[in-house]
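Descriptive analysis of the structure
Here is how the chains run, residue by residue.
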Amino acid sequence: MIIGPVGSTRASDIVNDPFGNLWILSDDIYRYDKISGTVNSYGLSELSPSHIETDSDGVVWMTVRTGGLYRYDSRRDRFEKYIVSVDGKPETGICFNRIRAISESNLLVSTTDQDVILVNTGDFSGRRIFKHQFFTTKTEIYDIIERQPGEFWCGTDQGIYIFDAITEGDHYSFMKYEVTDSHSISSDSVRNLMVDKEGNVWIGTYFGGLNLWLNQRDAYSVFYENPSTNSISGRI
């Protein structure tokens, strides 16, 4: 299937919904209807969309760099803005970045201020689970996941930060590249995180290979490109 040119810049995010639509983030938000073959745009380029995501109900969410959380209204065919109340205080100036749907009613959203907020989409209340004061220096948050209920992983350019909300008093831990440790992650620049059904975490790095954290062993395997027929290809 070839859609053709969409937008004037590269596609930075692509997601499917259960209704036959392909959502593409470029200079604007585009919806490609796989049944009719039509492409619709939503005139949101001035808001600087940063990421899109679909939840388990097929609802499409969007974050923008100018601030705000948006939800797609299928009846009106447009995106509606919602104000998130963070730690009991309505926040109108938060610039959201990465977004992850982790359950029917919860989103993980990172901000440009290096916070990660757990958002309840029922009442749009939020709780900071990573605060910028936790990071030792200014860092870029690339991805966020919930590996298991109450355990959140944050991929940054300084390694992986883990927040355990189950442990009494909350608990933070940190994983980073160690030159002398062959079992550490292969790079501090962690761009993508994905948890599989066994609770293992797949970790994409910036030119440092593909890492697999094994849940049962608490250890890493690293995959690089090599001449083998079954090797991954490209500089990951």
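Above this note sits the structure.
Conventions used here
Residues numbered from 1 in each chain as written. Predicted model: local features only at pLDDT ≥ 70, side-chain atom pairs only at ≥ 80, totals over all residues. Heavy atoms only, no water. Pairing = 2+ DSSP bridges. Helix = DSSP H or I, 4+ residues; strand = E, 2+ residues; numbered from the N terminus. Axes fitted to C-alpha atoms, helices over the stretch in contact; angles between N-to-C directions. Core = buried A, V, L, I, M, F, W, Y, C linked by side-chain atoms within 4.5 Å. Buried < 20%, exposed > 50% of the residue type's maximum accessible area, 1.4 Å probe, protein only. Contact = heavy atoms within 4.5 Å. Salt bridge = Lys/Arg side-chain N within 4 Å of Asp/Glu carboxyl O.

1. Comments concerning the sheet that holds strand E9 (residues 84-86)
The strand order E10-E9-E14-E13-E12-E11 describes an open sheet built from 6 strands, whose pairing is mixed. Only two strands of the sheet have a single partner each, and these edge strands are strand E10 (89-91) and strand E11 (96-103). Adjacent strand axes in the sheet meet at a mean angle of 35°, parallel and antiparallel pairs treated alike. Pairing between strand E13 (residues 116-120) and strand E14 (residues 125-130): 5 bridges, direction antiparallel.

2. As for the nonpolar core
Ranked by internal contacts, the top residues of the largest apolar core, which has 13 residues, are Trp23, Ile29, Tyr42, Ile52, Met62 and Phe79. Listed by contribution, the elements that provide at least two residues to this core are strand E2 (21-25), strand E6 (60-64) and strand E7 (69-73). It is E6 that provides the largest number of residues to this core, a total of 3 residues. Dropping the residues within four chain positions of it, Ile29 is found in contact with Trp23, Ile24, Asn40, Ser41, Tyr42, Leu44, Pro49, Ile52, Met62 and Phe79. Counting residues in hydrophobic clusters, the runner-up holds 12 residues, among them Val84, Val86, Ile99 and Leu107.

3. Looking at the pattern of salt bridges
For the structure on display, the rule yields 10 salt bridges. Measuring nitrogen to oxygen at the nearest pair gives 4.0 Å for the salt bridge that ties Arg75 to Asp73. The buried category is assigned to Asp73, whose relative accessible area is 15%. Linking Arg147 and Glu151 is a salt bridge whose minimum nitrogen-to-oxygen distance equals 2.5 Å. Just as Arg147 is buried, Glu151 falls in that class too. When salt bridges that share partners are traced, they join Asp73, Arg75, Arg76, Arg78 and Glu80 into one network.

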